[in-house]
Amino acid sequence: MVLKASDEGKMVEANGFHTVGIGSSARKALLSALEDKRLVVGLGSAIRSLAANPEQYNFCFLAPTEDHGESGSHMQEVLMEAFCFEHDIYIIRVDSADKLSRLVQSPVIASCALVRKLPAKTARRMSSAFRRSESILIEHCELYWDEPHKPVIKLPEK
């Protein structure tokens, strides 16, 4: 199942669940994390960061990789997803490593990005648009928490 990005005013329905702009919300959360230097990009960096302090992270964005023949990286992705699930880190599957890489301004193709939690006092000062987009992502993740296959969110092109 692929959830498509929508304008803030449009509704997208998936399995009877209505969500507003899930792709746009993912984009806003990633851009905000990038601006605040709360982003860890790349599978290797993400694994090291999670091993050190898993409680610091809120979201793990995973994109499909083009290297389907590389079983080692696939195994790392599966283990990363299991680790995140065990440590209550929301897993968000996105449709494209290219789009994810462009959004997080990575010079190499990134199949993974971790978003560090905001400190409580900083979170209170954040704009309502950011809080709304993060709330939408959390709601989305909670809805599919126990599903073995997470839906894929289509990131906006820009």
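Residues numbered from 1 in each chain as written. Predicted model: local features only at pLDDT ≥ 70, side-chain atom pairs only at ≥ 80, totals over all residues. Heavy atoms only, no water.

A closer look at the pairing of strand 6 (residues 90-94)
Logical step 1: Burial runs high along strand 6: 4 of the 5 residues are buried.
Logical step 2: One ladder, built from 4 bridges, connects strand 5 (residues 57-62) with strand 6; its direction is parallel. Among the inter-strand pairings, Phe59 is bridged to a residue of strand 6, identified as Tyr90.
Logical step 3: By the bridge criterion, 2 bridges tie strand 6 to strand 8 (residues 152-153) in an arrangement that is parallel. Bridge assignment links Val94 to a residue of strand 8, and that residue is Ile153. (Buried < 20%, exposed > 50% of the residue type's maximum accessible area, 1.4 Å probe, protein only. Helix = DSSP H or I, 4+ residues; strand = E, 2+ residues; numbered from the N terminus. Pairing = 2+ DSSP bridges.)

A short note on unusual backbone geometry
Logical step 1: Look at Lys37: it is not a glycine, yet its phi comes out positive at around 60 degrees.
Logical step 2: Within the element layout of this structure, Lys37 appears in the loop between helix 1 (22-35) and strand 4 (39-41).
Logical step 3: According to the relative accessible area criterion, Lys37 is exposed, its value standing at 69%.
Logical step 4: Located in the positive-phi region is Gln105, a residue other than glycine, with phi close to 55 degrees.
Logical step 5: Relative to the helices and strands, Gln105 is located in the loop between helix 4 (97-103) and strand 7 (112-116).
Logical step 6: A relative accessible area of 61% places Gln105 in the exposed class.

What about the confidence of the model for the protein chain?
Logical step 1: Taken over all residues, the pLDDT of the protein chain has a mean of 81, while the share at 70 or more is 77%.
Logical step 2: Mean pLDDT values over the elements of the protein chain span from 42, in strand 2 (residues 11-14), up to 96, in strand 4. (pLDDT = per-residue confidence, 0-100.)

Remarks on helix 3 (residues 71-86)
Logical step 1: Here helix 3 is 16 residues long and its end C-alpha atoms lie 22 Å apart, about the 22 Å a rise of 1.5 Å per residue gives.
Logical step 2: Considered for burial, the residues of helix 3 that qualify are Ser73, Glu77, Met80, Glu81 and Cys84. The arc that holds the buried residues of helix 3, viewed along the axis, is 95 degrees, so those residues lie on one side. Facing away from the buried side of helix 3, by more than 90 degrees, are the exposed residues Ser71, Met75, Leu79 and Glu86. (Expected span 1.5 Å × (residues − 1). Arc of directions from axis to C-beta.)

Quick word on the packing of aromatic side chains
Logical step 1: With the rule as written, the count across this model stands at 4 aromatic pairs.
Logical step 2: Judged by centre distance (6.2 Å) and plane angle (50 degrees), the rings of Phe59 and Phe61 are tilted.
Logical step 3: Relative accessible area serves as the criterion here: at 0%, Phe59 is assigned to the buried category. (Phe/Tyr/Trp six-rings, centres within 6.5 Å; stacked < 30°, edge-to-face > 60°.)

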